[in-house]
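Each chain, letter by letter, is given below.
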Amino acid sequence: MKKLAFLLPIFCLLFACTKEIKDEELSVIEEIPIVVEEYGYNIGDFNIVRDTIRSGDTFGDILDVYGVSNQKILEVASKFRDSFDVRRIRVGRPYVLLNSKDSLNTTQVFIYEKNKVDYAVVDLRDSLNCYTRSKPVSYVEKIASGIITSSLSQTMEEQNLSPIMTDQLAQIYAWTVNFFHLQPGDRFKVVYTEKFINDTIPAGLESIKASYFEHRGKSLYAFNYKIDTLNAVPDFFDEKADNLRRAFLKAPVKFSRVSSKYNLSRRIKYYGYKLRPHKGTDFAAPMGTPILATADGVVSKSERRGGNGNYVKIRHNGTYDTQYLHMKKRNVKVGDYVRQGEVIGWIGMTGNSGGPHVCYRFWKNGKQVDPFKEDLPLSKPLPEEFHSDYFAFILPLQEELDCISFD
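Values in this document were obtained by computation on a predicted structure and should not be read as measured data. (Residues numbered from 1 in each chain as written. Predicted model: local features only at pLDDT ≥ 70, side-chain atom pairs only at ≥ 80, totals over all residues. Heavy atoms only, no water.)

### Some thoughts on the overall build of the chain
Put simply, the rule is: Helix and strand assignments come from DSSP, with helices taken as H or I runs of at least 4 residues and strands as E runs of at least 2, each series counted from the N terminus. With a 1.4 Å probe rolled over the protein chains alone, any residue whose accessible area is under 20% of its type maximum counts as buried; one over 50% counts as exposed, and the rest are partly exposed. The contact definition used throughout considers only heavy atoms, calling two residues in contact when any of these lie within 4.5 Å. Accessible areas in this description were obtained via Shrake-Rupley with a 1.4 Å probe; residue shielding takes into account the shown protein chains only.
Each helix and strand counted, the chain has 6 helices and 22 strands in total. Looking at the chain as a whole, 41% of its 407 residues are labelled buried. Put simply, of all contacts in the chain between residues at least 6 apart along the chain, 61% involve residues at least 24 apart. With an accessible surface of roughly 23,900 Å², the chain has 52% of that area assigned to carbon and sulfur atoms.

Pasting the structure below:
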């Protein structure tokens with residue numbers, strides 16, 4: 001006990017000395033500043049001003065407020081027009097000013113966001129410099145599904161999915177599904193990629209990789225596949241390697257409704273119930289809705305005449321012609337070559353029309369027929385030389401689609 005009593009003061013002294021040394025060591029550790037980099041600059045080195053282009057704003061007015069000389073403003077406007085045209089800044093686009101950290105608060109760097117990803121930088125320090133850059137973009141694969149209650153767009157909204165997905169699905173199945181006649185209980189599954197800026201900021205739907213649509217009990221797979229050739233573009237094929245595209249779209253207007261069908265036995269009360277055949281299909285839509293060419297071809301007529309009002313007629317080949325009546329305005333002229341899906345005019349009420357719509361007429365071998373009863377030609381299937389690669393490519397995607405629940 002006497003030994004312990006003797007050693008205790010020594011232990012206490014050693015502990016006190018060690019603590020004192022550690023406290024001294026801690027006191028000399030300097031705090032490391034946090035560097036926040038944005039647009040390639042250390043944001044902490046500047047006073048930051050963030051704003052958006054307002055109506056009436058000019059590049060010169062914005063910089064003049066923060067002490068940039070007219071000489072520099074004019075030099076930027078004339079010297080860097082190819083990379084940043086100061087005349088083309090748009091209302092609503094964000095911009096950032098990096099200003100000096102002194103009493104003058106002069107703008108050192110002007111950054112203009114062209115879109116969510118691309119931006120232009122005007123460095124006003126020393127010798128002027130201007131360049132464009134892009135924010136880092138990443139892609140995340142996601143899945144979605146839904147059961148149609150009234151319309152595809154409403155179901156997408158209920159599932160908090162992008163309206164762009166509605167449009168893309170409509171394009172994928174434009175040749176095989178009549179989206180004006182979807183039924184409650186029709187359903188879909190989608191494997192898609194979403195774009196993110198700086199790994200955190202959602203930037204919208206990038207593309208649909210694969211989809212499944214069940215319409216009137218019929219299953220329709222679609223896989224986004226690019227043939228491995230230099231000039232090839234991605235296209236959608238089904239599980240048998242058949243192209244989903246047809247030579248003709250189902251309709252010349254997106255998300256419209258059929259207000260009057262092709263009917264050779266039509267009788268109208270206004271005309272005393274006399275036989276007045278309707279050799280077209282009427283698609284009702286709001287005034288100004290774009291009207292699309294349903295297939296590639298050459299414009300053979302573009303004029304305003306009688307009950308047809310403003311109309312366009314397209315010669316597709318030796319067998320098929322299409323005609324689009326009652327347009328508000330035409331967007332093509334005779335001799336123009338148009339591609340499938342190209343806007344050829346806008347919905348109107350010209351000629352004999354009781355409301356805004358397009359009367360779509362379809363000729364086969366010079367005779368007007370009902371396109372909905374025609375077995376329209378398919379596009380070319382995937383060449384057999386690509387089948388092996390294609391089926392290996394779609395196998396995991398089809399399995400992923402099959403595992404997605406509709407709940």
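### Here we look at the pairing of strand E16 (residues 297-305)
Let me state the cut-off plainly: The criterion for strand pairing is that DSSP finds at least two bridges linking the strands in question.
Bridge count between E16 and strand E19 (residues 337-338): 2 bridges; the pairing is antiparallel. Paired with Val298 across the strands is Tyr337, a residue of E19. For E16 and strand E17 (residues 309-315), the ladder comprises 7 bridges, and the chain directions are antiparallel. Considered in E17, the bridge of Lys301 is made with Lys313. Between E16 and the antiparallel strand that follows it, E17, lie 3 residues; Gly306 among them carries a positive phi value of about 45°.

### Here we look at the packing of aromatic side chains
The description of an aromatic ring pair rests on the distance of the ring centres and on the angle between the ring planes. Operational definition: Any two rings among Phe, Tyr and Trp, with Trp reduced to its six-membered ring, count as a pair given centres within 6.5 Å; such a pair is stacked if its planes are under 30 degrees apart, edge-to-face if over 60, and tilted if neither.
Applying the stated rule across the entire model yields 22 aromatic pairs. Seen from their ring centres, Tyr39 and Tyr119 are 5.0 Å apart, and the 80° between their planes marks the pair as edge-to-face. Of the two residues, Tyr39 is situated in the loop between strand E1 (37-38) and strand E2 (41-42) and Tyr119 in strand E6 (residues 118-123); the sequence distance between them amounts to 80 residues. Classification of Tyr39 by relative accessible area gives buried; the value is 11%. According to the relative accessible area criterion, Tyr119 is buried, its value standing at 7%. Consider the rings of Tyr390 and Phe391, whose centres lie 5.6 Å apart with planes at 65°: the pair is edge-to-face.

### Things to note about the nonpolar core
Generally speaking, a soluble globular protein has its nonpolar side chains buried in company with each other. Note the following rule: Remark: nonpolar core denotes a set of buried residues (Ala, Val, Leu, Ile, Met, Phe, Trp, Tyr, Cys) joined through side-chain atoms within 4.5 Å.
Ile314, Tyr324 and Ile344 are the most contacted members of the largest nonpolar core, which has 24 residues in total. Going through the elements one at a time, E17, strand E18 (320-330), strand E20 (343-347) and strand E21 (357-364) are the ones with two or more residues in this core. Residues in contact with Ile314, not counting those within four places in the same chain, are Ala293, Gly297, Val298, Val299, Ser300, Tyr320, Asp321, Thr322, Tyr324, Val338 and Ile344. One finds Ala170, Val177, Leu205 and Ala222 within the second-largest nonpolar core, a separate group that totals 23 residues.

### Some details on the sheet that holds strand E3 (residues 47-52)
Test applied: Between the N-to-C directions of two axes lies an angle of 0 to 180 degrees, each axis being a line fitted to C-alpha atoms and, for a helix, fitted only over the stretch in contact.
A sheet is described by the order of its strands in space; here 5 strands give the open sequence E3-E4-E5-E6-E7, paired in antiparallel fashion. Because the sheet does not close on itself, it has two edges, and the strands there are E3 and strand E7 (129-134). The average angle at which neighbouring strand axes cross in this sheet is 20°, direction not considered. With 6 bridges joining them, E6 and E7 adopt antiparallel strand pairing. Among the inter-strand pairings, Tyr119 is bridged to a residue of E7, identified as Arg133.

### Side note on the layout of surface pockets
Just so we agree on the cut-off: Here a cavity is any set of points on a 1 Å grid over the protein atoms alone where a 1.4 Å probe fits but cannot get out, and a pocket is any open set with protein on both sides within 12 Å along at least 5 of 7 lines; a residue lines the site when it has an atom within 4 Å of a point. Grid points are joined across faces, edges and corners, and a volume is the space filled by probe spheres set on the points. Each residue receives one of three labels: charged for Asp, Glu, Lys and Arg, nonpolar for Ala, Val, Leu, Ile, Met, Phe, Trp, Tyr, Cys and Pro, and polar for the others, Gly being one of them.
In this structure, the largest pocket occupies an estimated 770 Å³ of space. Forming the walls of the largest pocket are 34 residues, and the residues nearest its centre are Gln171, Ala174, Trp175, Leu249 and Gln340. Listing elements by their share of the lining of the largest pocket, those giving two or more residues are helix H5 (163-172) and strand E12 (235-237). Looking at the lining of the largest pocket element by element, the count peaks at 4 residues for H5. Here the residues of the lining of the largest pocket sort into 18 nonpolar, 9 polar and 7 charged.

### Here we look at the pairing of strand E4 (residues 94-99)
The two faces of a sheet get side chains in turn, since along a regular strand they alternate between them. Across the 6 residues that make up E4, a large majority, 5, are buried. Here E3 runs beside E4; their pairing, made up of 6 bridges, is antiparallel. Note on E4: the bridge partner recorded for Thr52 is Pro94. Strand direction decides the pairing type here: E4 and strand E5 (residues 107-113), joined by 5 bridges, are antiparallel. Bridge pairing in E5 places Tyr95 opposite Tyr112.

### Looking at the sheet that holds E12
The antiparallel open sheet is built from 5 strands, whose spatial order is E8-E9-E10-E11-E12. With partners counted over all chains shown, the strands left at the sheet margins are strand E8 (137-147) and E12, one partner each. Between one strand and the next, the sheet's axes are offset by a mean angle of 30°, whatever the strand orientation. Alignment of strand E9 (residues 187-197) against strand E10 (residues 201-215), held across 10 bridges, turns out to be antiparallel. Counted as the bridge partner of Lys189 is Tyr212 from E10. In this fold H5 packs onto E9, E10, strand E11 (218-225) and E12, with an angle of close to 40° to the strand it touches most, E10. Relative to the sheet, helix H6 (residues 387-403) contacts E8, E9, E10, E11 and E12, its axis offset from that of E11 by approximately 125°.

### Section: H5
Let me state the cut-off plainly: Our arc is simply the arc of the directions from the helix axis toward the C-beta atoms. For this analysis, a polar contact is any N or O atom pair within 3.5 Å, provided that within protein one partner can donate a hydrogen and the other can accept it, and provided that sequence-adjacent residues contribute only side-chain to side-chain pairs.
Along H5, the residues that are buried comprise Met165, Thr166, Leu169, Ala170 and Ile172. What you see down the axis of H5 is that its buried residues fit within an arc of 160°, all on one side. Next to the buried residues of H5 lie helix H4 (152-158), E9, E10, E11 and E12. Sitting at the head of H5, Ser162 places a side-chain oxygen 3.0 Å from the backbone nitrogen of Ile164.

None of this, on its own, says anything about what the molecule does.
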